[in-house]
Amino acid sequence: MVPHLTTAHNGPINELEQRILESMPAIERWFRLEWMEHTPPFYTSADLRNAGFKLAPVDNDLFPRTFNNLAHEMMPLAVQAAMAAIEKICPEAKNLLLIPDARIANSFYLQNLQRLIEIFTQAGLNVRLGALDTAMKAPTRLELPDGSELTLEPLVRNRGRLGLKRFDPCTILLNNDLAGGVPRELEHLYEQYLLPPLHAGWPLRRKSRHFRSYEEVAKKFAKLLGLDAWLINPLHVACGAVDPGRPADLEAIRAQVDLLLTKIRRKYKEYGIADKPCVVVKSDDAAGIGLLALRDAKELDDAARLRPAGALPAEFLIQEGVPTFERMNDAVAEPVVMMVDRYVVGGYYRVHAERAAGADLCGTPSSYVPLAFAGAGQMPRAGGKPGASAPNRFYMYGVVGRLSMLAASYELEATDPDAENYP
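The following paragraphs examine the structure supplied in this document. (Residues numbered from 1 in each chain as written. Predicted model: local features only at pLDDT ≥ 70, side-chain atom pairs only at ≥ 80, totals over all residues. Heavy atoms only, no water.)

**Overview of the packing of helix 2 (residues 24-37) against helix 5 (residues 207-225)**
Phase 1 of the analysis: Put simply, helix 2 and helix 5 touch, their axes get as near as 11 Å, and they point 145° apart. Helix 2 and helix 5 meet at a crossing whose hand is right-handed. Along its contact with helix 2, which presents A26, I27, W30 and E34, the element helix 5 presents V217, K220, F221, L224 and L225.
Phase 2 of the analysis: Split by residue class, the contact of helix 2 with helix 5 holds seven nonpolar, no polar and two charged. (Axes fitted to C-alpha atoms, helices over the stretch in contact; angles between N-to-C directions. Helix = DSSP H or I, 4+ residues; strand = E, 2+ residues; numbered from the N terminus. Left-handed = near helix turned anticlockwise from the far one by under 90°. Contact = heavy atoms within 4.5 Å. Nonpolar A, V, L, I, M, F, W, Y, C, P; charged D, E, K, R; others polar.)

The following block contains the structure:
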């Protein structure tokens, strides 16, 4: 089952799908060559938007916390990808310490941890949970909706190693984006593999860096296929540290919004798209405001709309609002692609049941109802008509998801504090 597009602008997206299917050998070879030069993130997820006239990622998560949404049929792929990832990093690995997010009470997140433990246990590792909570002095049992339990244990730091009581791992897997800062327990772990690295966390990461890297990747890929990079790339501009409460700073943000809207209008005119474009203003890091959708720079007349929860000044990313015209049972749907190492291991749809049929999802979504992909997205169907075959649609999603993953690889290399080119 594949969501249908409720827009007449299905020519460009079908042409894009056809081009991708026809170029599959060249695409897979291109990815192989890229992975010879770059190291993929350990795991990642990419939020995509299918507008009917373009398909582009709008977010990338280096600490994905939705593995519970993977269909059970995708588990063999996830286990094999986990095996490949571990073999590259630490072939003799025996123990894996999984450090979860501090917001662990959510039942969906607990199921995500359960699924991760299942994946890495089947990959041949002993997996235990360690808490970044210095107040925890004894193991804590966490009950899941199905009646099973997880055990969360206090961390034990012994010089340059981090583990649990009578548990010494060679690899530590973070499922915590470190939005609250880097704990001392995770610093200077020179004797163990810490995945993802600390500079992947939000204290250092910026969305604008990722989308600069993605723009570079998209241009390379578009040149390979002979297509317009805009069809897979959301335009964006980054604002440095600004205070919207200062008239000069607010006017600078308005000017950037107006400039980006002008660029998008030109592309809409080029492709005969009659819709009115929008941009989304969001925090460049994980803190602060969520999404603020604007169709005109004049709408930004109140600095309070840009005031984040934290202290000012703040950093903002202004990004092209890519609408989604996919529908699942008349509800707005957007795909999320899940990846481990350099492999697509499946995905799911966020289904926004409360959105009207004509909503374009430029603003903040109100609710999520996950729905698993019908297939892996790795095996397109030869001769399938574009837009009609679920395997072909999901293969296209997997390609764009891997482009986002490759961009994350570029991003992490450019911001690695141990690299020679680190500023």
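**What to know about the sheet that holds strand 5 (residues 126-131)**
Phase 1 of the analysis: Read across the open sheet, the six strands follow the order 6-7-5-4-10-11; overall the sheet is mixed. The two strands at the open ends of the sheet, each matched to only one other strand, are strand 6 (140-143) and strand 11 (193-195). Strand after strand, the sheet turns through a mean of 30° between neighbouring axes, direction not considered.
Phase 2 of the analysis: In the sheet, strand 4 (residues 95-100) pairs with strand 5 via four bridges, with the strands oriented parallel. When the bridges of strand 5 are listed, N95 appears paired with N126.
Phase 3 of the analysis: Each of strand 4, strand 5, strand 6, strand 7 (149-154) and strand 10 (171-175) is contacted by helix 4 (residues 107-122), which is oriented at about 165° to strand 4, the strand it contacts most. (Pairing = 2+ DSSP bridges.)

**As for helix 5**
Phase 1 of the analysis: The terminal C-alpha atoms of helix 5, which comprises 19 residues, lie 26 Å apart, in line with the 27 Å expected from a rise of 1.5 Å per residue.
Phase 2 of the analysis: Residues K207, S208, H210, F211, S213, Y214, V217, A218, F221, A222 and L225 constitute the buried set of helix 5.
Phase 3 of the analysis: Trailing helix 5 by a residue or two, G226 shows a phi angle of about 70°, which is positive. (Expected span 1.5 Å × (residues − 1). Buried < 20%, exposed > 50% of the residue type's maximum accessible area, 1.4 Å probe, protein only.)

**Things to note about unusual backbone geometry**
Phase 1 of the analysis: Note that the residue after L195, namely P196, is joined by a cis bond; omega there is -15°.
Phase 2 of the analysis: Even without being glycine, R166 reaches a positive phi, approximately 60°.
Phase 3 of the analysis: Position of R166 among the secondary structure elements: in the loop between strand 9 (161-163) and strand 10.
Phase 4 of the analysis: The backbone of L178 shows a phi angle near 60°, a positive value even though the residue is not glycine.
Phase 5 of the analysis: Note that L178 resides in the loop between strand 10 and strand 11.
Phase 6 of the analysis: Residue classification places L178 among the buried residues on the basis of a relative accessible area of 2%.

**Re the layout of surface pockets**
Phase 1 of the analysis: In this model, the second largest pocket occupies a volume close to 930 Å³.
Phase 2 of the analysis: Contributions of two or more residues to the lining of the second largest pocket are made by helix 3 (75-89), strand 11 and helix 7 (390-414). (1 Å grid on protein atoms, 1.4 Å probe; cavity = no way out; pocket = protein on both sides within 12 Å on 5 of 7 lines; lining within 4 Å. Points joined across faces, edges and corners; volume = space filled by probe spheres on them.)

**With respect to the sheet that holds strand 12 (residues 236-242)**
Remark on secondary structure: sheet strands pair via backbone hydrogen bonds, oriented parallel or antiparallel.
Phase 1 of the analysis: Spatially, the four strands line up as an open sheet ordered 12-15-13-14, and their pairing is antiparallel. Only two strands of the sheet have a single partner each, and these edge strands are strand 12 and strand 14 (292-294). Neighbouring strand axes in the sheet, compared pairwise and without regard to direction, differ in orientation by 20° on average.
Phase 2 of the analysis: The sheet contacts of helix 5 involve strand 12, strand 13 (279-283) and strand 15 (314-320), and relative to strand 12 the element is tilted by about 155°.
Phase 3 of the analysis: Strand contacts of helix 6 (residues 247-270): strand 12, strand 13, strand 14 and strand 15, with the helix running at about 15° to strand 15, the strand carrying the most contacts.

**Re the pattern of salt bridges**
Phase 1 of the analysis: Enumeration according to the criterion identifies 21 salt bridges in this entry.
Phase 2 of the analysis: Between D168 and R161 there is a salt bridge, with the nearest N and O atoms lying 2.9 Å from each other.
Phase 3 of the analysis: By relative accessible area, D168 is classed as partly exposed at 46%.
Phase 4 of the analysis: Here R205 and E411 are joined by a salt bridge, their closest N and O atoms 2.7 Å apart. One end of the pair, R205, is in the loop between strand 11 and helix 5; the other, E411, is in helix 7, and 206 residues separate them in sequence.
Phase 5 of the analysis: Residue E411 is classed as buried on the basis of its relative accessible area, which comes to 4%. (Salt bridge = Lys/Arg side-chain N within 4 Å of Asp/Glu carboxyl O.)

Everything listed is a geometric property; what it means functionally is a separate question.
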